[in-house]
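Here is how the chains run, residue by residue.
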Amino acid sequence: MSQPLTIRTMAEFAAAGEVPEVLFWVGCAGSFDDRAKKITKAFVRILNAANVKFAILGQEESCTGDPARRAGNEFLFQMQALTNVTVLNGYGVKRIVTACPHCFNTLKNEYPALGGTYEVLHHTQFINALMKEGRIKVEGGSFAGKRITFHDPCYLGRGNGEYEAPREVLLKLDAALVEMKRSRAKGLCCGAGGAQMFKEAEPGTREVNTERSEEALAEQPAVIAAGCPFCNTMLTDGVKHFNKEGEVRVKDIAELVAEAGDL
Amino acid sequence: MTMGIASIVFILLVGAASWLFGRNIMRVRRNILLGKDEVINDRKGERWGVMTRVALGQSKMVVRPVAGILHIIVYAGFVIINIEVLEIIIDGIFGTHRVLSFLGPLYDFLIGSFEWLAIGVWVACAIFLVRRNIIKLKRFAMKELDGWPKTDANLILFTEIALMTAFLLMNAADWSLQQRGVEHYVAAGAYPVSAHIASLTSFSALSTGTLIAIERICWWFHIIGILAFLNYLVVSKHLHILLAFPNVWYSKLKPRTEMANMPRIAGEVKSMMDPSVPPPELPAPHVVAGVEMTERFGAKDVFDLSWKSLMDAYSCTECGRCTSECPANLTGKLLSPRKIMMDTRDRVAEVGKVIDAKGKWEDDGKSLHTRISEEELWACTTCNACTQACPVNIDPVNIILEMRRYLVMEESRTRPALTSMFNNVENNGAPWAFGPDKRMEWTNA
């Protein structure tokens, strides 16, 4: 925990004539949201512990355009996307990892049509691979036997078919993985997608995150694991709604790994 | 000689019904093609595979086992019992009776199987009626089904029950006549179900004349019923029995959350960012029923949607699995993905009627937005629970997002908080009011 983080920008790599193994796309939530910044740092600690030579874009990173596109503003999306593609291609980026499923989806699926084709990984996939390769070892994990339920982010699960990587990581922590009534392909949304995060919910009888958090709490978990900064916010609020924040923690997969490994 | 008249009547009936069906199905096709061109012919092998699994194999139906298994019985019944129609048509034209009976043991097997399926369909449809009208399952009791959609669903189920009843009674009478060795009623076929019906209803007590009357009435009722049902399909949600197959074949194979690019806007933005890039060429005009449509961003009306979205709309049988898994709908919001599909279909049918009446499209002052409110559109989280749930791979999210594109880019209508988000992205490169200079602050603490 006390180790200072090693973080270099793409510009620094380029200046040194070096090429990083992977670009870590931090995303806006990961850069600016206080809760999500903790996820970002946890992931960096994992990357540092595994000696992954990674870069960030720093000030050259800009919103992927995902919320603008989902909210109907294609012009704004195109401006963001084309600017980002120019930056990424300028550095010759080949491989990207991100802790945000919305950035992940846009970078992986929507940038190729604009001339930006990269290998894009979600951080749970990346962490899972690091564990499989033995580049990080988490032993005697503090989550051994603890009940953990995983909330599938829509843009990772239904959107891109990745249900296993986050679960495999949790199982490596020896956690007792419990599934919610609606999980994997039938997982219920947290309520934030499609630019909902940036607006008031439309009138209804209930908030989506309350509905989902109730379902998660029904499993009586010690931890609700998330893989998306927006889901994290929604579920944290939902747990507070039921006054359970003292008993149940909402944590990103990266945070759990960093904590278990005391990284 | 009477057989001759019956044959002529029969041929005229089949001919008229087929002609009418052909005309109406071509109208549906024309209506679907009112949508924008979209070329879908990639990954053909994969498409046949998906169609085989999802449409033919009903793989997404059985996610809900009760409805799924009952539906498979009705579906198998529908497909297999229709082999019988082949025989009915030959008999009808030539005045023969059970012309395929020369198949011997195979014929016995076929007729026997049809009977088991018929009773299965009968029972399944009865259970479906109970689920809709007595148990009133939530997804069948929602207000978007009030009126015609509810009647439509019940009519379909009652018709299938009536057709199966006629088929079984026809066989019961036929079997009884065969037992009596009545001329023209060749002893052929196996009647595992209708033989019981015949004894339960004491057909043996009836005169031979009455039995022949029952057999003939049921035979005519069965074939006329099928011909009427065929024509009913085109004005009913039941069209899914035909469109499910092409609709699944043409379904989205890309990741669910991938939104289609808008090359023209990409071109304009590229040209704006780099003056050496020429602005994009305008697409070829979209001509609908003789009228050139206004080129616009996003979807105002059905003309602005891909033809695939319109096929989606005609393929929807209003089962409501999408709505029952929609997080917005589950939490009391106005949005129902099923209603999006119903509204789209009703609008395209409305446009079709104008074209039929006037010979070309004349603006009626309405659009898709007349039926679908902004509140519905802005309630969607794009989570794709609906597209995952749909047994025939219909995509309501695409319609919602295209309609949002129209609202925002053509009408500048959005939710106030989204305007702030747009401004932030445009000015700061982030959806919040933090500038690029703050982007690395997380690395400090």
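Residues numbered from 1 in each chain as written. Chains lettered and ligands numbered in written order. Predicted model: local features only at pLDDT ≥ 70, side-chain atom pairs only at ≥ 80, totals over all residues. Heavy atoms only, no water.

Engineer: Mind laying out helix H9 (residues 208-217) of chain A, listing which residues take part and the relevant values?
Structural biologist: In an α-helix, one turn spans 3.6 residues, which is why side chains three or four residues apart end up on the same side. With respect to burial, H9 of chain A is a largely interior element, nine of its 10 residues being buried. Those residues of H9 of chain A not exposed but buried are Val-208, Asn-209, Thr-210, Glu-211, Arg-212, Ser-213, Glu-215, Ala-216 and Leu-217 of chain A. Looking at the buried residues of H9 of chain A, the elements they touch are strand E6 (147-150), strand E8 (223-226) and helix H10 (229-241) of chain A together with helix H12 (327-330) of chain B. (Buried < 20%, exposed > 50% of the residue type's maximum accessible area, 1.4 Å probe, protein only. Helix = DSSP H or I, 4+ residues; strand = E, 2+ residues; numbered from the N terminus. Contact = heavy atoms within 4.5 Å.)

Engineer: So, the domain arrangement of chain A: which residues are in play, and what are the values?
Structural biologist: Residues and elements named next belong to chain A. Each assigned domain of chain A is listed with its residue range as follows: domain 1 (8-128) and domain 2 (139-260). Relative placement of domain 1 and domain 2: their C-alpha centres are 23 Å apart. Counting from both sides, the interface comprises 28 residues of domain 1 and, opposite them, 28 residues of domain 2. Carbon and sulfur atoms make up 67% of the surface buried where domain 1 meets domain 2, a total of about 2200 Å² over both sides. When residues of domain 1 are sorted by the area they lose upon contact with domain 2, Arg-35, His-102 and Asn-128 head the list and together hold 25% of the total. Put simply, domain 1 and domain 2 have one salt bridge between them. Taking the shortest distance from any N to any O, the salt bridge between Glu-255 and Arg-35 comes out at 2.8 Å. Here domain 1 and domain 2 share 11 residue pairs in polar contact (both at pLDDT 80 or more) between them. Elements that contribute at least two residues to the side of domain 1 that touches domain 2 include exactly helix H3 (34-49), helix H4 (66-70), helix H6 (101-110) and helix H7 (123-132). (Domains from an automatic or database assignment. Buried area = accessible area lost by both parts, 1.4 Å probe. Salt bridge = Lys/Arg side-chain N within 4 Å of Asp/Glu carboxyl O. Polar contact = N/O pair within 3.5 Å; in protein donor to acceptor, adjacent residues only side chain to side chain.)

Engineer: Can you break down a nonpolar patch on the surface residue by residue, with the values?
Structural biologist: A surface patch of nonpolar side chains, amounting to about 310 Å² of accessible area, comprises Ile-5, Val-9, Leu-13 and Ile-224 of chain B. Among the elements that line the nonpolar patch, the one with the most residues is helix H1 (residues 2-32) of chain B, at three residues. (Patch = residues over 30% accessible without salt bridge, like charges linked within 9 Å, V, L, I, M, F, W, Y side chains within 5 Å. Areas by Shrake-Rupley, 256 points an atom, 1.4 Å probe, with all protein chains shown as cover.)

Engineer: If you had to explain the pattern of salt bridges to someone new, which residues and values would you point to?
Structural biologist: Following the criterion strictly, the structure yields 55 salt bridges over all chains and no others. When the shortest N-O distance is used, the salt bridge between Arg-95 of chain A and Glu-119 of chain A registers 3.1 Å. You can see Arg-95 of chain A sitting in strand E4 (residues 95-98) and its partner Glu-119 of chain A sitting in strand E5 (residues 119-122), a full 24 residues away along the chain. Note that Arg-212 of chain A is salt-bridged to Glu-215 of chain A, the shortest N-O span being 3.2 Å. Of this pair, Arg-212 of chain A and Glu-215 of chain A both sit in helix H9, three residues apart, roughly one helical turn. For the pair shown, Arg-212 of chain A and Glu-215 of chain A are each scored as buried. Members of the salt-bridge network, linked through shared partners, are Asp-66, Arg-69, Arg-70, Glu-74 and Glu-110 of chain A together with Glu-402 and Arg-405 of chain B.

Engineer: A description of unusual backbone geometry should follow, citing residues and the corresponding values.
Structural biologist: Residues and elements named next belong to chain B. Even without being glycine, Arg-43 reaches a positive phi, approximately 45°. Looking at the secondary structure, you find Arg-43 in the loop between H1 and helix H2 (44-56). Note on Arg-43: relative accessible area 39%, which makes it partly exposed. Despite not being glycine, Ala-289 shows a phi value in the positive range, around 45°. With respect to the helices and strands, the residue Ala-289 is situated in the loop between strand E1 (287-288) and strand E2 (291-292).

Engineer: With reference to specific residues and values, describe the packing of helix H3 (residues 65-94) of chain B against helix H4 (residues 105-133) of chain B.
Structural biologist: Residue and element names in this part refer to chain B. Taken N-terminus to C-terminus, the directions of H3 and H4 make an angle of 140°; their axes are 8 Å apart at the nearest point. Looking at the two axes, H3 sits oblique to H4. Judged by the sense of rotation from one axis to the other, the crossing of H3 with H4 is left-handed. By residue class, the composition of the contact of H3 with H4 is 19 nonpolar, three polar and three charged. (Axes fitted to C-alpha atoms, helices over the stretch in contact; angles between N-to-C directions. Parallel < 35°, antiparallel > 145°, perpendicular 65-115°, else oblique. Left-handed = near helix turned anticlockwise from the far one by under 90°. Nonpolar A, V, L, I, M, F, W, Y, C, P; charged D, E, K, R; others polar.)

Engineer: Run through the packing of H7 of chain A against helix H11 (residues 253-260) of chain A, naming residues and quoting values.
Structural biologist: Residue and element names in this part refer to chain A. Viewed as axis vectors pointing N to C, H7 and H11 meet at an angle of 30°, and their least axial separation amounts to 9 Å. Compared by their axis directions, H7 and H11 come out roughly parallel. On H11, the residues touching His-123, Thr-124, Ile-127 and Met-131 of H7 are Ile-253, Ala-254 and Val-257. For the contact of H7 with H11, the per-class residue count stands at five nonpolar, two polar and no charged.

Engineer: Describe in detail the state of the cysteines, supporting the description with residues and values.
Structural biologist: In this structure the tally under the stated criterion is zero disulfides over all chains. Here Cys-228 of chain A is not disulfide-linked; the sulfur of Cys-231 of chain A is the nearest cysteine sulfur, at 3.8 Å. The buried category is assigned to Cys-228 of chain A, whose relative accessible area is 0%. In this structure Cys-322 of chain B is not part of a disulfide, and its nearest cysteine sulfur, from Cys-319 of chain B, lies 6.2 Å away. Residue Cys-322 of chain B is classed as buried on the basis of its relative accessible area, which comes to 11%. (Disulfide = S-S within 2.5 Å.)

Engineer: Lay out the environment of Ala-266 of chain B in plain terms, naming residues and giving numbers.
Structural biologist: Positionally, Ala-266 of chain B belongs in helix H9 (residues 263-273). Through-space distance from the C-alpha of Ala-266 of chain B to that of Lys-333 of chain B is 34 Å; in sequence the pair is 67 residues apart.

Engineer: I'd like a rundown of the domain arrangement of chain B, residues and numbers included.
Structural biologist: Residue and element names in this part refer to chain B. For chain B, the assigned domains read domain 1 (2-32 + 64-238) and domain 2 (263-423). Relative to domain 2, the C-alpha centre of domain 1 lies at a distance of 39 Å. Of the residues lining the interface, 16 residues belong to domain 1; the matching set on domain 2 comes to 25 residues. Of the roughly 1800 Å² buried at the junction of domain 1 and domain 2 (both faces included), carbon and sulfur atoms supply 48%. Sorting the residues of domain 1 by area buried against domain 2 places Ile-32, Glu-144 and Lys-237 first, and these three jointly supply 36% of that buried surface. Between domain 1 and domain 2 we count four salt bridges in total. Here Arg-338 ties to Glu-144 by a salt bridge, and the two come within 2.8 Å at their closest N and O atoms. There are 10 residue pairs in polar contact (both at pLDDT 80 or more) connecting domain 1 and domain 2. Sorting elements by how many residues they give to the side of domain 1 that touches domain 2 places H1 first, with five residues. Its residues assigned to classes, the side of domain 1 that touches domain 2 shows seven nonpolar, two polar and seven charged.

Engineer: How would you explain the nonpolar core if you had to name every residue and give the values?
Structural biologist: Nonpolar side chains in soluble globular proteins generally cluster together in the buried interior. Core analysis: the biggest nonpolar cluster contains 112 residues, and Leu-23 and Leu-88 of chain A have the highest contact counts within it. No other element matches helix H5 (residues 74-90) of chain A, which puts seven residues into this core. Among all residues touching Leu-88 of chain A, those that are not within four sequence positions of it are Leu-23, Trp-25, Leu-57, Val-93, Ile-96, Leu-107, Tyr-111 and Tyr-118 of chain A. With 46 residues, the next largest nonpolar core counts Ile-88, Tyr-107, Val-121 and Leu-227 of chain B among its residues. (Core = buried A, V, L, I, M, F, W, Y, C linked by side-chain atoms within 4.5 Å.)

Engineer: I'd like a rundown of the sheet that holds E4 of chain A, residues and numbers included.
Structural biologist: Residue and element names in this part refer to chain A. Taken together, the five strands give an open sheet; going across it, the order is E1-E3-E2-E4-E5, and neighbouring strands pair in parallel fashion. Both edges of this open sheet fall to strand E1 (8-9) and E5, since each of them pairs with a single strand only. In the sheet, strand E2 (residues 22-25) pairs with E4 via three bridges, with the strands oriented parallel. Considered in E4, the bridge of Leu-23 is made with Ile-96. Where H6 meets the sheet, it contacts E2, E4 and E5, and its direction lies at approximately 165° from that of E5. Running at roughly 85° to E5, H7 makes contact with E2, E4 and E5 of the sheet. (Pairing = 2+ DSSP bridges.)

Engineer: Hey, could you go over the side chain of Lys-60 of chain B for me, with residue numbers and the actual values?
Structural biologist: Residues and elements named next belong to chain B. Looking at the secondary structure, you find Lys-60 in the loop between H2 and H3. One polar contact links the side chain of Lys-60 to the main-chain carbonyl oxygen of Cys-390, over a distance of 2.9 Å. A distance of 2.7 Å separates the side chain of Lys-60 from the side chain of Asn-393, its partner in a polar contact.

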